[in-house]
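Close look at the chain arrangement
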Amino acid sequence: MGYKAMQLACYCGQAPDRILEVGFTSDRNMVVHFWCSTCSRVLFKSQSLEECEGAFPPADVEADTRSKADDARFLQSIGIAVAD
Ligand SMILES: [Zn+2]
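Structure report, in brief. Note that the coordinates shown come from a computational prediction; the quantities given were computed from them, not determined experimentally.

Quick notes on the rules
Residues numbered from 1 in each chain as written. Predicted model: local features only at pLDDT ≥ 70, side-chain atom pairs only at ≥ 80, totals over all residues. Helix = DSSP H or I, 4+ residues; strand = E, 2+ residues; numbered from the N terminus. Rg over C-alpha atoms; globule rule 2.2 N^0.38 Å. Buried ≥ 20, exposed ≤ 12 C-beta atoms within 10 Å, placed from the backbone. Pairing = 2+ DSSP bridges. Axes fitted to C-alpha atoms, helices over the stretch in contact; angles between N-to-C directions. Contact = placed C-beta atoms within 7 Å.

Looking at the overall build of the chain
On a plain count of helices and strands, the chain comes out with 2 helices and 3 strands. Tracing the chain from N to C terminus, the helices and strands come up as β-β-β-α-α. Since a compact globule built from 84 residues should have a radius of gyration of about 12 Å, the 17 Å found for the chain marks it as more spread out than a globular shape. Summarising its shape, the C-alpha atoms of the chain cover approximately 45 × 30 × 25 Å along the three principal directions. Classification of the 84 residues of the chain by burial places 2% in the buried group.

Structure (structure tokens):
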């Protein structure tokens, strides 16, 4: 499974120290509130469903089964059961 972090930055260019809250608006946007310690202020990033769609990383080219088995073994080792 591919993963891409959402890029959050303050106007000053600093990456946030803390994500304060993630929420959803009635007009179907996702909103992330975060804190910039350099500016000592709360900022937010709002994304529509369409923008979220555009942010997904490309689908994996068929992952090989060995790595899936490794993933399952790892998850089990930290106590997460994998339903198949
Ligand atoms: Zn800042």
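Moving on from the coordinates now.
A look at unusual backbone geometry
A positive phi angle, close to 65°, is found at R28, a residue other than glycine. Looking at the element boundaries, R28 is found in the loop between β1 (18–24) and β2 (29–36). Unusually for a residue other than glycine, S40 sits at a positive phi of about 50°. Along the chain, the position of S40 falls in the loop between β2 and β3 (41–48). By the C-beta count within 10 Å, which is 7 here, S40 ends up exposed.

Quick word on the sheet that holds β1
Picture the strands of a sheet paired through backbone hydrogen bonds; they go either parallel or antiparallel. In spatial order, the strands read β1-β2-β3; together these 3 strands make up an open sheet with antiparallel pairing. Each edge of the sheet is formed by a strand with only one pairing partner; in this case those strands are β1 and β3. Direction aside, neighbouring strands of the sheet carry axes that sit 20° apart on average. Pairing geometry for β1 and β2, over 6 bridges, is antiparallel. Residue pairing for β2: G23 is matched across the bridge by V31.

Topic: the environment of M30
Structurally, M30 is set in strand β2. Taking the number of C-beta atoms within 10 Å as the measure of exposure, M30 has 16 and is therefore partly exposed. When the C-alpha positions of M30 and S46 are compared, they lie 5.6 Å apart, and in sequence the two are 16 residues distant. In this structure M30 touches F24, Q47 and C52, once residues within four positions along its chain are discounted.

Structural measurements only, silent on function.
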